[in-house]
Amino acid sequence: MSAPSEDNTAAHAQLASQFFGDLLESIIVDVASECHRIARLGLDQNLEDEEEELKLSTQARVRAADPGNSGEANSKYVVDIFGQTHPPVANEVFECMNCRRSIMAGRFAPHLEKCMGKGRKASLKAMRSSTAAQNRHSRAALLGYSPYSNSNGTTRLSNGSTSIAGDELSNGTCDEP
Amino acid sequence: MEISTTPRPCNHLADHKLRHGGISFYNTLHDSLSLSFNGRPTLALSSPSARCFSCSPSPHQERLYLCLICSSISCPRHALSHSRSSLGHSISVDVERAELFCSNCDDQVYDPDFDSILVRKFDGSSIIAAGDPYESVAERSCKRRRLRGHAVADLDYKRWKHLGDQRDKSCYPFGLRGLNNLGNTCFMNSVLQALAHAPPFRNYFLNGRHDRGSCQKMSSDQLCLICDIGVIFSAMFSGDRTPYSPAPFLYSWWQHSANLASYEQQDAHEFFISLLDGIHEKEVQSKPINKDLRDCACIAHRVFSGLLRSDVTCLTCGSTSTTYDPCMDISLHLGAGKCVSTGPVNKASKSNGSTGVSSLVGCLDLFTRREKLGSDQKLYCQNCGVHRDSSKQLSIKRLPLVLCLQIKRFEHSLIRKTLRKINWHLEFPFSLDMNPYLSSSIIRKRLGNRLSPLEGDEPHVSTEYEIFAVLTHTGMLESGHYVTFLRLGSQWYKCDDAWITEVDEEIVKSSQCYMMFYMQKMLY
Amino acid sequence: MQEAFEIINVKLMESGEKERLMELLRERLIECGWKDEMKSLCRAYVKKKGRNNVTLDDLIYVITPKGRASVPDSVKAELLQRIRSFLVSTSL
């Protein structure tokens, strides 16, 4: 058994680098062999399609980023394909299934929550989705609002009505037209 | 573009096999074929220090070839001289990679019989299919090319469109109808739009497979989630184009799932999963159907359920244990911070940090990649009898009719203990071939892309999918907005609550997709 | 030196350490995109020559220079460190 010496260290460094070179050469042959098989047996049929898709997608992004090409964004909320216009907050009025009071569509969910006496902090049920379960982060969710809600959770009607979600008295109901 | 063909067989190899009794030419190899602990096939030699017989003094060689006639070992250079000096000894096998080599051709050569022996040895579950495995792949890809060249007949859509024309003079596809936002309910609307246009799912409701009348008589609590969905779909396909308010559904949904009932922003994917869950529970309740999720006959499982295969391999002895789990969707990591795609185009545009680009194909590759489990996750190995370091690999054993892919657009920060939304762009194809992610393909790839009799494993399964709905999420993690893009015929439509508009496919391709719905091509 | 190399090579193989090192290097080269880069070099070459006119040696020749040069320093350092600890542990 020899004590570590400078000689030894230098020899080790040289040997190590020689071994590393060998491992690398071997892996280079692995890759070449794999590619050879793929080429000869035509196993890469999907690849050309994938590259084509990537190209189209990149082009699409470039075009979408071009402000001169955002016709889609401008026509938003003006008129739909059927030639209809809609108010920012849906104003259809129907009867609440729970309390039978008349309620406006766009304010139905906040009304119903109170009407049914459900708690806001209700915990979410564990979901049966095996791949989602494999994800180790417990809450894996993207939350979505109506775009017309502001940050403090109230919803104001665009016509200046003062109906507010937190207001127990009005409770989002309105008189039958 | 080159069209794949059956590889030109090596004449020398064919000649050798003829003279040495066909497949039995490989008999000598059968016992020495083995798997390294990472599952790659190699040849186990009696001595680990085997080297070229002719090189002297023998330097290290990264390639060693074992002669199939006399079992002498040569480096690539001496393989040629060996075949010259010993006439007829031209076929050998690469010891480390278990690939055939012909020194007359001076190249690696391929033989389906050799591959079959190898695959049969290492995958006991496989069934031997008749015919030439090489040909079947070549034929398959030719067929696919042909299919791609032709416009796919969209019978279903034409039928709907025809009906639509009768009821509504507008030329828009039947079933296209906006849904009113009831107050933070875009998560629900976006999922309902996608479900209403998933043909096998929708048809079940529209064809009256679930009878509302008799259901109400049987049910004591008067609540039926399936009836509720039927009501929405009927309304959407009524021909009326004014936005519909899915209020009765929301009411009964909240009654069904008391714990989900809150006027809060919610996650569309969670809603989707719990909706399918609710349908399953209801059907199992009302009908004495199989409770085993693996072949549950409820409409949710019939349409969306696939089977995931998970192979856990012991890193010490190489033995593998396999489990199967049903799944209603596949959740994919965006591969935060890591390169996940393979295309050279992608490489170029990927380097700019938070605005990085990934591809769906890259995400699927990552999903089915062999993953080494951490040392804190040692699993019990039946063979070794102790807990060992293991690797895990997922693959798809059975594909669903409608494939839902969810992109995990969130990142967990361990330091700040918060979730962050990843706004990366994700490239996704409109036509998706799931074949590379099937268990048969994954195992074949593990065995070095050997074309195997596994092809015959699931004979009539179509692996080609067409996209029909994309759910996008814009905005922040806590607050944002969901919109669904629907592809009906060859046109894309944007369903943004009450607003339905036509959009170019560029808009869809550049959108921030969150959930993608693909259906089997034969249904499209 | 050659003799020492051979002795250690056998020890590396017999202990199974060589296979573990190979696996580690393979993993790292996949993670950093090295393998993808090599594969696209091969693909480009195959495209140019035609899939039936490319030999294994051609492909090895095509990717070897780039393959040697583009291993990230961190990967190389990690592997060298592990090999050196093996050398120390075998007291050679």
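Residues numbered from 1 in each chain as written. Chains lettered and ligands numbered in written order. Predicted model: local features only at pLDDT ≥ 70, side-chain atom pairs only at ≥ 80, totals over all residues. Heavy atoms only, no water.

Undergrad: How would you explain the overall build of chain B if you had to name every residue and give the values?
TA: Tallying secondary structure elements over chain B gives 17 helices and 26 strands in all. Expressed as a percentage of its 524 residues, the buried residues of chain B come to 59%. Across chain B, the fraction of contacts at a sequence separation of at least 24, relative to all contacts at a separation of at least 6, is 66%. As displayed, chain B has an accessible area near 21300 Å², and 52% of this comes from carbon and sulfur atoms. (Helix = DSSP H or I, 4+ residues; strand = E, 2+ residues; numbered from the N terminus. Buried < 20%, exposed > 50% of the residue type's maximum accessible area, 1.4 Å probe, protein only. Contact = heavy atoms within 4.5 Å. Areas by Shrake-Rupley, 256 points an atom, 1.4 Å probe, with all protein chains shown as cover.)

Undergrad: Any details on the overall build of chain C? Residues and values, ideally.
TA: When helices and strands are tallied, chain C shows 5 helices and 0 strands. Going from the N terminus to the C terminus, chain C shows its helices and strands as α-α-α-α-α. Its C-alpha atoms give chain C a radius of gyration of 17 Å, clearly above 12 Å, the size a compact globule of 92 residues would have. Considering only C-alpha atoms, chain C reaches an extent of 50 × 25 × 20 Å along its principal axes. For chain C, the residues scored as buried account for 43% of the 92 residues in total. Taking all contacts inside chain C whose residues are at least 6 apart in sequence as the whole, residues at least 24 apart take part in 71%. Here chain C has roughly 4500 Å² of accessible surface; of this, 54% comes from carbon and sulfur atoms. For chain C, the separation between the mean place of its 17 positive charges and that of its 14 negative charges on side chains is 7 Å. (Rg over C-alpha atoms; globule rule 2.2 N^0.38 Å. Lys, Arg positive; Asp, Glu negative; His and termini not counted. Charge placed at Lys NZ, Arg CZ, Asp CG, Glu CD.)

Undergrad: Go over the packing of aromatic side chains with me, naming the residues and quoting the values.
TA: All names here are of chain B. Evaluated as defined, the whole model comprises 20 aromatic pairs over all chains. With 5.3 Å between their ring centres and 80° between their planes, phenylalanine 205 and phenylalanine 233 make a pair best called edge-to-face. Note that phenylalanine 205 is positioned in helix H8 (residues 199–206) and phenylalanine 233 in helix H10 (residues 225–236), a separation of 28 residues in sequence. For phenylalanine 205, a relative accessible area of 8% corresponds to the buried category. Among the residues examined, phenylalanine 233 registers a relative accessible area of 0% and is labelled buried. Clustering of aromatic rings is evident, with ring pairs tying together Phe201, Tyr204, Phe205, Phe233, Phe272, Phe304, Phe468 and Phe517. In this structure, lysine 509 packs its charged tip against the face of phenylalanine 430, placed 4.1 Å from the ring centre. (Phe/Tyr/Trp six-rings, centres within 6.5 Å; stacked < 30°, edge-to-face > 60°. Lys NZ or Arg CZ within 6 Å of the ring centre and 35° of its normal.)

Undergrad: Tell me about the nonpolar core, residues and numbers included.
TA: In terms of nonpolar packing, the biggest core is built from 77 residues, with A:Phe108, B:Phe201, B:Phe249, B:Phe272, B:Ile279, B:Phe304 and B:Phe517 touching the most fellow members. Core analysis: the next-biggest nonpolar cluster, separate from the first, contains 41 residues, B:Tyr65, C:Leu25, C:Ile60 and C:Leu79 among them. (Core = buried A, V, L, I, M, F, W, Y, C linked by side-chain atoms within 4.5 Å.)

Undergrad: Give me the lowdown on the sheet that holds strand E3 (residues 65–67) of chain B, citing residues and values where you can.
TA: Residue and element names in this part refer to chain B. Strand order in the open sheet made by the 5 strands is E4-E3-E5-E6-E7, with antiparallel pairing throughout. The open sheet has two edge strands with one neighbour each: strand E4 (73–74) and strand E7 (107–109). Alignment of E3 against E4, held across 2 bridges, turns out to be antiparallel. The residue of E4 that forms the bridge with tyrosine 65 is serine 74. (Pairing = 2+ DSSP bridges.)

Undergrad: Describe the packing of H8(B) against H10(B), listing the residues and the values that go with them.
TA: All names here are of chain B. Two elements in contact, H8 and H10, have axes separated by 9 Å at closest approach and are oriented at 100°. When the axis of H8 is compared with that of H10, the two are roughly perpendicular. Judged by residue contacts, Phe201, Arg202, Tyr204, Phe205 and Leu206 of H8 engage Ile226, Ile229, Gly230, Phe233 and Ser234 from H10. Residues of the contact of H8 with H10, tallied by class, amount to 7 nonpolar, 2 polar and 1 charged. (Axes fitted to C-alpha atoms, helices over the stretch in contact; angles between N-to-C directions. Parallel < 35°, antiparallel > 145°, perpendicular 65-115°, else oblique. Nonpolar A, V, L, I, M, F, W, Y, C, P; charged D, E, K, R; others polar.)

Undergrad: How would you explain unusual backbone geometry if you had to name every residue and give the values?
TA: Comment: phi is negative for the bulk of residues other than glycine, and the bulk of peptide bonds are trans. All names here are of chain B. Despite not being glycine, asparagine 184 has its phi angle at roughly 60°, a positive value. Along the polypeptide, asparagine 184 turns up in the loop between helix H6 (155–167) and helix H7 (186–196). Positive phi is not limited to glycine here, since aspartate 497 has a value of about 50°. Here aspartate 497 lies in the loop between strand E24 (491–496) and strand E25 (499–503). Classification of aspartate 497 by relative accessible area gives buried; the value is 5%.

Undergrad: An account of the packing of H10(B) against helix H11 (residues 247–256) of chain B is requested, with residue identities and associated values reported.
TA: Residues and elements named next belong to chain B. The contact between H10 and H11 brings their axes to 10 Å, and the two run at 160°. The orientation of H10 with respect to H11, classified from their angle, is roughly antiparallel. Relative to H11, H10 is oriented so that their crossing is left-handed. Seen from H10, the contacting residues are Leu225, Asp228, Ile229 and Ile232; seen from H11, they are Phe249, Ser252, Trp253 and His256. (Left-handed = near helix turned anticlockwise from the far one by under 90°.)

Undergrad: Got a sec to walk through the pairing of strand E5 (residues 91–94) of chain B? Specific residues and values, please.
TA: All names here are of chain B. The pairing of E3 with E5 spans 3 bridges and is antiparallel. Bridged to cysteine 67 within E5 is serine 92. Pairing of E5 with strand E6 (residues 100–102) involves 3 bridges; the strand directions are antiparallel. Residue isoleucine 91 lies in a different strand from E6, and its bridge partner there is cysteine 102.

Undergrad: Give me the lowdown on H10(B), citing residues and values where you can.
TA: All names here are of chain B. End to end, H10 covers 17 Å across 12 residues, agreeing with the expected 16 Å (1.5 Å per residue, within 8%). Across the 12 residues that make up H10, a large majority, 10, are buried. All buried positions along H10 are accounted for by Leu225, Ile226, Cys227, Asp228, Ile229, Gly230, Ile232, Phe233, Ala235 and Met236. (Expected span 1.5 Å × (residues − 1).)

Undergrad: Please set out the side chain of B:Arg409 residue by residue, giving values where relevant.
TA: Residue and element names in this part refer to chain B. As for its placement among the helices and strands, arginine 409 is situated in the loop between strand E17 (402–408) and strand E18 (410–413). For the buried residue arginine 409, which engages in no salt bridge, the nearest side chain bearing the opposite charge is aspartate 267, 10 Å off. Engagement of the side chain of arginine 409 in a polar contact is seen with the backbone oxygen of cysteine 513, the distance being 2.7 Å. (Salt bridge = Lys/Arg side-chain N within 4 Å of Asp/Glu carboxyl O. Polar contact = N/O pair within 3.5 Å; in protein donor to acceptor, adjacent residues only side chain to side chain.)

Undergrad: Which residues make up helix H4 (residues 112–122) of chain B, and what values do they have?
TA: All names here are of chain B. With 8 of 11 residues buried, H4 is to be regarded as a mostly interior element. Those residues of H4 that fall on the buried side of the exposure criterion are Pro112, Phe114, Asp115, Ser116, Ile117, Leu118, Val119 and Phe122. Where H4 begins, the capping side chain belongs to aspartate 111, and its oxygen is found 3.0 Å from the backbone nitrogen of aspartate 113.

Undergrad: Explain the domain arrangement of chain C to me, and be specific about the residues and the numbers.
TA: Residue and element names in this part refer to chain C. Per the domain assignment, the segments of chain C are domain 1 (1–32 + 75–92) and domain 2 (33–71). Relative placement of domain 1 and domain 2: their C-alpha centres are 26 Å apart. Every contact between the two is made by 6 residues of domain 1 and, on the other side, 4 residues of domain 2. Carbon and sulfur atoms make up 71% of the area that domain 1 and domain 2 hide from each other, which totals about 450 Å². It is Leu29, Ile30 and Cys32 that lose the most area in domain 1 upon contact with domain 2, and together they represent 82% of the buried surface on that side. Our count for the contact surface shared by domain 1 and domain 2 stands at 0 salt bridges. Along the contact surface separating domain 1 from domain 2 lie 5 residue pairs in polar contact (both at pLDDT 80 or more). Counting residues per element, the ones that place at least two in the side of domain 1 that touches domain 2 are helix H2 (17–31) and helix H5 (73–89). Examining the composition of the side of domain 1 that touches domain 2, we find that 3 residues originate from one element, H2, more than from any other. For the side of domain 1 that touches domain 2, the per-class residue count stands at 4 nonpolar, no polar and 2 charged. (Domains from an automatic or database assignment. Buried area = accessible area lost by both parts, 1.4 Å probe.)

Undergrad: Please provide a residue-by-residue account of the confidence of the model for chain B, values included.
TA: For residues with low pLDDT, the predicted coordinates do not support detailed interpretation. All names here are of chain B. Summary statistics for chain B give a mean pLDDT of 77 and a share of 73% for residues scoring 70 or more. Per-element confidence in chain B is highest for H7, whose mean pLDDT is 95, and lowest for helix H14 (residues 344–348), whose mean pLDDT is 35. Across residues 1–5, where pLDDT falls below 50, the model places 13 contacts with residues more than four positions away in sequence or in other chains. The model gives residues 336–355 a pLDDT under 50, and that stretch makes 38 contacts with residues more than four places away or in other chains. (pLDDT = per-residue confidence, 0-100.)

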